[in-house]
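Take a look at the letters that make up each chain.
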Amino acid sequence: MAHLFFSIVVVSLNPGDKLFSTLQSILDQDYGNFEIIIKDGGSTDGSVQRFFGEGTEQKIPADSRIRFFQEPDSGIYDGMNQAVQKVQGQYVLFLNCGDRFFNRSVLSDAASFIKKQESTEVGRGRSYIFYGDQFNQQQNSPVHSAPVMNDFTCYRNVPCHQVCFYDAQLFTQRGYDTDYRVRADYEHFLYCIYDKNARAVYMPVTVAFYEGGGFSETKENRKRSALEHKVITRYYQDGGKAPGSLFLCWFRLHPCVPGSLKILHWQAFIIK
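Each value, and the rule that gives it
Residues numbered from 1 in each chain as written. Predicted model: local features only at pLDDT ≥ 70, side-chain atom pairs only at ≥ 80, totals over all residues. Heavy atoms only, no water. Helix = DSSP H or I, 4+ residues; strand = E, 2+ residues; numbered from the N terminus. Buried < 20%, exposed > 50% of the residue type's maximum accessible area, 1.4 Å probe, protein only. Contact = heavy atoms within 4.5 Å. Areas by Shrake-Rupley, 256 points an atom, 1.4 Å probe, with all protein chains shown as cover. Axes fitted to C-alpha atoms, helices over the stretch in contact; angles between N-to-C directions. Parallel < 35°, antiparallel > 145°, perpendicular 65-115°, else oblique. Nonpolar A, V, L, I, M, F, W, Y, C, P; charged D, E, K, R; others polar. Pairing = 2+ DSSP bridges. Salt bridge = Lys/Arg side-chain N within 4 Å of Asp/Glu carboxyl O. Lys, Arg positive; Asp, Glu negative; His and termini not counted. Polar contact = N/O pair within 3.5 Å; in protein donor to acceptor, adjacent residues only side chain to side chain.

When helices and strands are counted, the protein shows nine helices and nine strands. Burial statistics for the protein: of 272 residues in total, 50% are counted as buried. Intrachain contacts of the protein at a sequence separation of at least 6 include 77% that bridge at least 24 residues. Carbon and sulfur atoms provide 52% of the accessible area of the protein, an area that totals close to 13500 Å².

Structure (structure tokens):
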């Protein structure tokens, strides 16, 4: 059996027809060496039964590359953590329900680029993150990722997880930190770069139609996103790995800390 190259993870909860469009864009790829991990958090809208059940027009065709499981989770990042434990591919990419691959050749283009890049590395000792561009459906325009990941671009312009092919080994020691309800993917990207010394390599491939308008983009979560960003960058980029910084990080979202006390500690952490 050939070595499995890609694992495409899709997490869902009451996704409606969005699950179908996302899966169809994966199955339509002209490159076949991949698996699809569908992790459902316990949908009650009938979508899972409709797509995988008997006698439906939108039934997903039987395909041995699809693995589906249901398990309760505490949110999207917890669901992604559960799913990534089951991947068997060398590289893993996460698509949300409603996101789609940009065209039929995304995986073949990415595989060609990745294999060429790997062939130039002598005695490869570092893990990779290969990332490309997105097409933002809400803005109806392409969004180009930074061609180089340095301290500045890690602060300002990290690519979204829908366009990142992660070496699966980067999830071996830990997955997403679910204390970050909005920015866990950003925190994990910086963890890979700064803690795991991963090499982020840009590839000139438009990977995904990014749906947008989801959980992280509500008015309330935009505020939380900005606050989480300050905590994360302080920790990874501003010498924040001292024990005192780790202590203050504990206060970031801990539900047992009274709200007024929590705010004071957050402010002290950010302004100091």
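Contact geometry for helix H6 (residues 184-195) and helix H7 (residues 219-237): axes closest at 10 Å, N-to-C directions at 5 degrees. Judged by the inter-axis angle, H6 sits roughly parallel to H7. Here H6 contributes Tyr186, Glu187, Leu190, Tyr191, Tyr194 and Asp195 to the contact with H7, which in turn contributes His229, Ile232, Thr233, Tyr236 and Gln237. For the contact of H6 with H7, the residue count by class is six nonpolar, three polar and two charged.

Of all the nine residues making up strand E6 (residues 128-136), nine are buried; the element is thus mostly covered by neighbouring parts of the structure. Inspection of the sheet shows E6 paired to strand E9 (residues 199-210) by eight bridges, in the parallel sense. Note on E9: the bridge partner recorded for Tyr131 is Tyr202. Judged from the three bridges that link them, E6 and strand E8 (residues 164-167) form a sheet pairing that is antiparallel. The residue bridging Tyr131 from the neighbouring strand is Cys164, located in E8. Looking at chain direction, E6 and strand E7 (residues 141-143) are connected through three bridges and run antiparallel. By the bridge assignment, Asn136 is partnered in E7 with Ser141. The hairpin formed by E6 and E7 contains four residues between the paired strands, and Asn140 there has a positive phi angle of roughly 55 degrees.

This part covers the pattern of salt bridges. Under the criterion given, the structure shown has seven salt bridges. With a shortest N-O distance of 2.8 Å, Glu35 and Arg67 are connected by a salt bridge. Note that Glu35 is positioned in strand E2 (residues 34-40) and Arg67 in strand E3 (residues 66-70), a separation of 32 residues in sequence. Note on Arg67: relative accessible area 29%, which makes it partly exposed. With its nearest N and O atoms 2.8 Å apart, the salt bridge here joins Arg65 to Asp63. With a relative accessible area of 24%, Arg65 lands in the partly exposed category.

Along the chain, Asp133 falls in strand E6. The side chain of Asp133 sits in the buried core without any salt bridge; Arg156 is the nearest counter-charge, 16 Å away. Within the structure, Asp133 has its side chain in polar contact with the side chain of His144 (distance 3.4 Å). Reaching out from Asp133, the side chain makes a polar contact with the backbone nitrogen of Ser145 at a distance of 2.8 Å. Once residues within four sequence positions are removed from consideration, Asp133 is found in contact with Val143, His144, Ser145, Val163, Tyr202, Val205, Thr206, Val207 and Ala208.

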